[in-house]
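Below, each chain spelled out in residue letters.
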Amino acid sequence: MAADVLIVDDHQLLAQSLALALRARGVAATVAGSLTPDAVCAQCGPGTLVLLDLQLGDAGDGTAMIEPLRALGATVLVVTGTVEQSARGRALLAGACEVLDKAWSFDRLLDTVLAVLDGRDVGDPDRRVELVARAVASRGEAQAAAAILESLTPREAVVLRALCDGRTAENIATQACLSLPTVRTHIRGVLGKLGAHHQLEAVATARRLKETARRGC
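Residues numbered from 1 in each chain as written. Predicted model: local features only at pLDDT ≥ 70, side-chain atom pairs only at ≥ 80, totals over all residues. Heavy atoms only, no water.

1. Some details on helix H4 (residues 85–94)
Spelled out, the test is: Only protein chains enter the area calculation, which uses a 1.4 Å probe; residues under 20% of their type maximum are buried, those over 50% are exposed, and those in between are partly exposed. The numbering of helices and of strands both runs from the N terminus, where a helix is a DSSP run of H or I of at least 4 residues and a strand a run of E of at least 2.
Most of H4 sits out of view: eight of its 10 residues are buried. Listed as buried for H4 are Ser86, Ala87, Arg88, Gly89, Arg90, Ala91, Leu92 and Ala94. Gly95 sits one or two residues past H4 and shows a positive phi near 125°.

See the structure below:
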């Protein structure tokens, strides 16, 4: 119970409540004032238990902090409200010891944190394996999505962005100083590579591919 606890969360009510409850149990708990990686890492060292949210508002995705914190000798326990299983798996892959759900009761969260401080294993190994498998599958899907988008020629990529902006073939031709047949040729190329049958489907597919590629980062 001697380890310090640093709570990194943009939801101040939960963060402050956990800190107060831990202090009442004799634990030196602090809420991070700044959520930037440098500021968080500056407050950590060997033996620190970091309660880390994955969704940190303007500070972005907390997953990127896990490896630097682990390198400092800290233990990272993720406490998140995200329901995306692959995101939880990525946190485990990055070195988090476990992922807790903010939907749990406050008492359950507190008891689990205290158990980690006591050195007890609080997770379900089968669940961790499943989450990591989801993350690996998501990474593979992201790589496939990125490969499809990267297969577009520079001109096809320009045409696709214009289609996503709602522009017509005629408008694209005018703006890009291209002939209408040339633009239509590029559109056919886009449709073929995205496996789409028409322009609206191509736009929807492109947005889905971009989101898939982003999530797998």
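Moving on from the model shown.
2. Here's the deal with the sheet that holds strand S4 (residues 75–80)
Filter applied, for reference: Note on pairing: two strands pair once DSSP finds at least 2 bridges between them. Note on method: axes are straight lines fitted to C-alpha atoms, helices fitted across the in-contact stretch only, with angles between N-to-C directions ranging 0 to 180 degrees.
Read from one edge to the other, the open sheet built from five strands follows the order S2-S1-S3-S4-S5, with strand pairing classed as parallel. Edge positions in the open sheet fall to strand S2 (29–31) and strand S5 (98–101), since each of these has one partner strand only. Averaged over all pairs of adjacent strands, the angle between their axes in this sheet comes to 20°, without regard to strand direction. By the bridge criterion, four bridges tie S4 to S5 in an arrangement that is parallel. Bridge pairing in S5 places Thr80 opposite Asp101.

3. Considerations on the pattern of salt bridges
To keep things clear, this is the line we draw: Salt bridge, as applied in this entry: a Lys or Arg side-chain nitrogen positioned within 4 Å of an Asp or Glu carboxyl oxygen.
In total, this model carries 10 salt bridges according to the counting rule given. A salt bridge links Glu98 to Arg127; its shortest N-O distance comes to 2.8 Å. With a gap of 29 residues between them, Glu98 in strand S5 and Arg127 in helix H6 (residues 125–150) connect regions that are remote in the sequence. Since its relative accessible area comes to 27%, Arg127 is described here as partly exposed. Between Arg128 and Asp121 there is a salt bridge, with its nearest N and O atoms 3.6 Å apart. Residue classification places Asp121 among the exposed positions, given a relative accessible area of 58%. Taken together, the shared-partner salt bridges in this structure form one network comprising Glu98, Asp121, Arg127 and Arg128.

4. Section: the nonpolar core
Buried together is how nonpolar side chains tend to be arranged in soluble globular proteins. In plain terms, the rule: By convention a nonpolar core is built from buried Ala, Val, Leu, Ile, Met, Phe, Trp, Tyr and Cys residues, the set being connected through side-chain atoms within 4.5 Å. By the convention used here, residues are in contact when the closest approach between their heavy atoms is within 4.5 Å.
Ranked by size, the top nonpolar core spans 23 residues in total, and within it Val8, Leu52, Ile66, Leu69 and Val78 carry the most contacts. Elements with a contribution of two residues or more to this core: strand S1 (5–8), helix H2 (37–42), strand S3 (49–52), helix H3 (63–71), S4 and H4. Ignoring sequence-local partners within four residues, the contact set of Leu69 consists of Val40, Cys41, Cys44, Val50, Ala74 and Val76.

5. Thoughts on the packing of aromatic side chains
Quick note on the threshold: Any pair of Phe, Tyr and Trp rings, taking the six-membered ring for Trp, is counted once the centres come within 6.5 Å. Such a pair is stacked with planes under 30 degrees apart, edge-to-face with planes over 60 apart, and tilted for the rest. As a reminder, the over-ring test applies to NZ of lysine and CZ of arginine, requiring each to be within 6 Å of the ring centre and within 35 degrees of the ring normal.
Within this structure, the stated rule accounts for zero aromatic pairs. One residue, Arg108, lies across the ring of Trp104, its end atom 3.6 Å from the ring centre.

6. Focus on helix H1 (residues 12–24)
How we decide: Residue count minus one, scaled by 1.5 Å, sets the expected span of a helix.
With 13 residues, H1 extends 18 Å from end C-alpha to end C-alpha; this agrees with the ideal 18 Å at 1.5 Å per step. Here the buried face of H1 lies against S1, S2, S3 and helix H5 (106–117). Phi for Gly26, located one or two positions after H1, is positive at around 90°.

7. Let's talk about the pairing of S1
We apply this condition: Crossover handedness is defined by viewing with both strands directed away from the observer: a clockwise path from the first strand over the helix to the second marks the crossover as right-handed.
Side chains of S1 alternate between two faces, with Val5 and Ile7 and Leu6 and Val8 buried alike. Of the strand pairs in this sheet, S1 and S2 are connected by three bridges, and their pairing is parallel. Residue pairing in the sheet places Val5 in a bridge with Ala29 of S2. Following the chain from S1 across H1 to the adjacent parallel S2, one finds a crossover that is right-handed.

8. Quick word on the side chain of Lys102
Short version of the rule: Identification of polar contacts relies on pairs of N or O atoms within 3.5 Å, with a donor-acceptor requirement for protein atoms, meaning one able to donate a hydrogen and the other able to accept it, and with residues adjacent in sequence counted only if both atoms are side-chain atoms.
Structurally, Lys102 can be placed in the loop between S5 and H5. A polar atom in the side chain of Lys102 sits 2.9 Å from the side chain of Asp9. Those residues within four positions of Lys102 in sequence are excluded, and the remaining contacts are Asp9, His11, Leu14, Asp53, Val79, Thr80, Gly81 and Leu109.

9. Topic: unusual backbone geometry
Its identity as a non-glycine residue notwithstanding, Cys177 has a phi of 55°, on the positive side. Note that Cys177 resides in the loop between helix H8 (169–176) and helix H9 (180–194).

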